[in-house]
Amino acid sequence: MPDVTLVLRSTRVITPDGERPASVAVADGRIAEVLPHDAEVPEGARLEDVGDDVLLPGLVDTHVHVNDPGRTEWEGFWTATRAAAAGGITTLLDMPLNSLPPTTTVENLRVKQDVARDKAHMDTGFWGGAIPGNVKDLRPLHEAGVFGFKCFLSPSGVDEFPELDPEQLESAIAEIASFDGLLIVHAEDPDHLHAAPQQGGPEYKNFLASRPRAAENDAIARLIDLARRYEARVHVLHLSSSDALPMIAKARAEGVRITVETCPHFLTLTAEEVPDGATEFKCCPPIRERENQDALWQGLADGTLDCIVSDHSPCTADLKSDDFGTAWGGISSLQLGLPAIWTSARERGHSLEDVVRWMSSAPAGLAGLDDRKGAIEAGRDADFTVLAPEETFTVDAAELYHRNQVTAYAGKTLHGVVRSTWLRGEPVTDHGRITQKTGRLIERNSA
């Protein structure tokens, strides 16, 4: 075994066996051993004692729109991965759309990788896309290392990434099931959206009415049927309708291979608090009512919901007009997800162990990275987040690393200050300051 070069020590280390005082030995970028708190530091190793701050495994965010290349003015790998690092995220997966070109062929994947390679502060991987006419490209993309394939069942908002109609969806899921790939789905039924009132304007209640829960519920029911028929792996993105939870739980109990995520904004923000004209709160599906949010938290508690990821979908400030009908739909939260979730989780009686499960170990498992990421145990990458859980801060948009300082969390006071973030045993942030860039491009099942 390589010589231990670093020992991180805390009175509160979150391990797969629970929280305990420990010293974590690091060798060659991996966790060599989790030792007792008072273990002797090996000769030649550096000790970093973080006291009573909590040592977490680095977070894994499997739902990030980086928009690079092509719409780099919206975000970009340099700015997105800096924001991720400042927020305690050590691994992210980039969505295939909002970049030009979209990640729908191996050639387009290589373009994106070439752009990202020298800009990534954190480990960065890529989803492929399933769009009309590219079934032939799905297996080659899988073999090239994408983590799975995203599709839309309703318009995506960008012309170069069209939605799949029912026949195209079935063709894509059949092909992906043939090599046991993963299909991840923006699940809103277009017929329900078309039938809903589309009034536009600054009133949030009108926007909420335009994206009814039934659109999500019926789309998810269709996915469950297809997953069952093809024995396919399907993942529901950014669930906002709690109405769908019972059918998801029933399907899983019957052996259907379906997983589900939700997002910080659905768990921490409510429709009742959105001011008219405040389109920084606009996303699709939408932020719903408080009682819906309570049910989502219950879904996390009982295991129906698997994980929490950001769905960071930024844009330039001018695209966030005060008209909910025309403003870009996306929440910028990459840097704030951990404190936002911890603030609400602690109020509801959840622990940091729960937060780690939802935001690190479960997303790592979804992506097939659970042999390397998502836990503090021997053999995993030495990716850590040091958190001061009882400290608070007030969100100042101007201090965020996102390219465009637009956020629905502006002015909110949150619990949980990220002291530092470590990637393979190297510090990437220190008290919010970026110290170095050590990110790598990662592929499915790569070492």
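Everything discussed here concerns the structure shown above.
Conventions and cut-offs
Residues numbered from 1 in each chain as written. Predicted model: local features only at pLDDT ≥ 70, side-chain atom pairs only at ≥ 80, totals over all residues. Heavy atoms only, no water. 1 Å grid on protein atoms, 1.4 Å probe; cavity = no way out; pocket = protein on both sides within 12 Å on 5 of 7 lines; lining within 4 Å. Points joined across faces, edges and corners; volume = space filled by probe spheres on them. Helix = DSSP H or I, 4+ residues; strand = E, 2+ residues; numbered from the N terminus. Nonpolar A, V, L, I, M, F, W, Y, C, P; charged D, E, K, R; others polar. Pairing = 2+ DSSP bridges. Axes fitted to C-alpha atoms, helices over the stretch in contact; angles between N-to-C directions. Contact = heavy atoms within 4.5 Å. Buried < 20%, exposed > 50% of the residue type's maximum accessible area, 1.4 Å probe, protein only. Salt bridge = Lys/Arg side-chain N within 4 Å of Asp/Glu carboxyl O. Phe/Tyr/Trp six-rings, centres within 6.5 Å; stacked < 30°, edge-to-face > 60°. Right-handed = clockwise from strand over helix to strand, strands pointing away. Expected span 1.5 Å × (residues − 1).

## Let's talk about the layout of surface pockets
Gaps left between atoms are located by rolling a probe of water-molecule size over the structure's atoms. Roughly 420 Å³ of internal volume is contained in the largest pocket. Along its surface, the largest pocket is lined by 27 residues, and P155, S156, G157, C284 and G329 are the ones closest to its centre. Elements represented by at least two residues in the lining of the largest pocket include exactly β10 (149-152) and α5 (190-195). A per-class count over the lining of the largest pocket returns 10 nonpolar, 12 polar and 5 charged.

## Things to note about the sheet that holds strand β8 (residues 123-126)
Across the sheet, which stays open at both edges, the 3 strands sit in the order β6-β7-β8 with parallel pairing between neighbours. Looking at the sheet topology across the chains shown, the edges are occupied by β6 (59-64) and β8. Between one strand axis and the next, the sheet turns by 20° as a mean value, whatever way the strands run. Against the sheet, helix α1 (residues 77-86) engages β7 (89-94) and β8, with an angle of about 140° to β7.

## Observations concerning the environment of V158
Relative to the helices and strands, V158 resides in the loop between β10 and α4 (166-178). Taking relative accessible area as the criterion, V158 reaches 8% and is therefore assigned buried. The spatial distance from the C-alpha of V158 to the C-alpha of L296 is 29 Å, given a sequence separation of 138 residues. Residue contacts for V158: discarding those within four places in its chain leaves R71, L97, N98 and W328.

## Comments concerning the sheet that holds strand β12 (residues 233-236)
Spatially, the 6 strands line up as an open sheet ordered β9-β10-β11-β12-β13-β14, and their pairing is parallel. What marks the edges here is a single partner per strand, and that holds for β9 (128-129) and β14 (307-308).

## Side note on the pattern of salt bridges
Applying the stated criterion across every chain, the model contains 34 salt bridges. A salt bridge links R213 to E289; the nearest nitrogen and oxygen atoms lie 3.1 Å apart. One end of the pair, R213, is in helix α7 (residues 213-230); the other, E289, is in the loop between α9 (264-268) and α10 (290-301), and 76 residues separate them in sequence. The class of R213 is buried, set by a relative accessible area of 18%. Among the residues examined, E289 registers a relative accessible area of 25% and is labelled partly exposed. Between R357 and D354 there is a salt bridge, with the nearest N and O atoms lying 3.2 Å from each other.

## Section: empty space enclosed by the protein
Applying the stated criterion across every chain, the model contains 1 cavity of 30 Å³ or more. As for the largest cavity, its lining consists of 14 residues, of which L59, D61, I89, S310 and M359 are closest to the centre. Only β6 and α11 (337-347) provide two or more residues apiece to the lining of the largest cavity. Here the element with the most residues in the lining of the largest cavity is β6; it accounts for 3 residues. Per-class residue counts for the lining of the largest cavity are 9 nonpolar, 4 polar and 1 charged.

## Considerations on the packing of aromatic side chains
Here the distance between the centres and the angle between the planes together describe a pair of aromatic rings. All chains considered together, the criterion is met by 8 aromatic pairs. Judged by centre distance (6.0 Å) and plane angle (75°), the ring pair of F152 and F161 falls under edge-to-face. For F152, a relative accessible area of 4% translates into the label buried. An aromatic cluster is defined as three or more aromatic residues linked by ring pairs; in this entry it consists of Y204, F207 and F324.

## As for the pairing of β10
Of the two faces of β10, the one holding F149 and C151 and the one holding K150 and F152 are both buried throughout. In the sheet, β9 pairs with β10 via 2 bridges, with the strands oriented parallel. Its bridge partner lying in β10, G128 is registered against F149. Considered for its hand, the β-α-β crossover made up of β9, helix α3 (residues 135-143) and β10 is right-handed. Looking at chain direction, β10 and strand β11 (residues 182-186) are connected through 4 bridges and run parallel. Along β11, the bridge assignment pairs C151 with V185.

## Some words on α7
Here α7 contains 18 residues, and its C-alpha end-to-end distance of 26 Å stays within 8% of the 26 Å for a straight helix at 1.5 Å per residue. Regarding α7, the residues found buried are R213, A215, E216, N217, A219, I220, L223, I224, L226 and A227. A positive backbone phi angle near 50° is found at E231, which sits one or two residues after α7.

## Examining unusual backbone geometry
In this structure, the amide linkage connecting D68 to the following residue, P69, adopts the cis form with an omega of 5°. Mapped onto the secondary structure, P69 falls in the loop between β6 and α1. For the peptide bond that leads from C284 to P285, omega is -5°, which places it in the cis range. Within the element layout of this structure, P285 appears in the loop between α9 and α10. The phi angle at E231 is positive, at roughly 50°, despite the residue not being glycine. Tracing the backbone through its elements, the reader meets E231 in the loop between α7 and β12. Taking relative accessible area as the criterion, E231 reaches 60% and is therefore assigned exposed.

Limitation: the analysis is restricted to geometry and does not speak to function.
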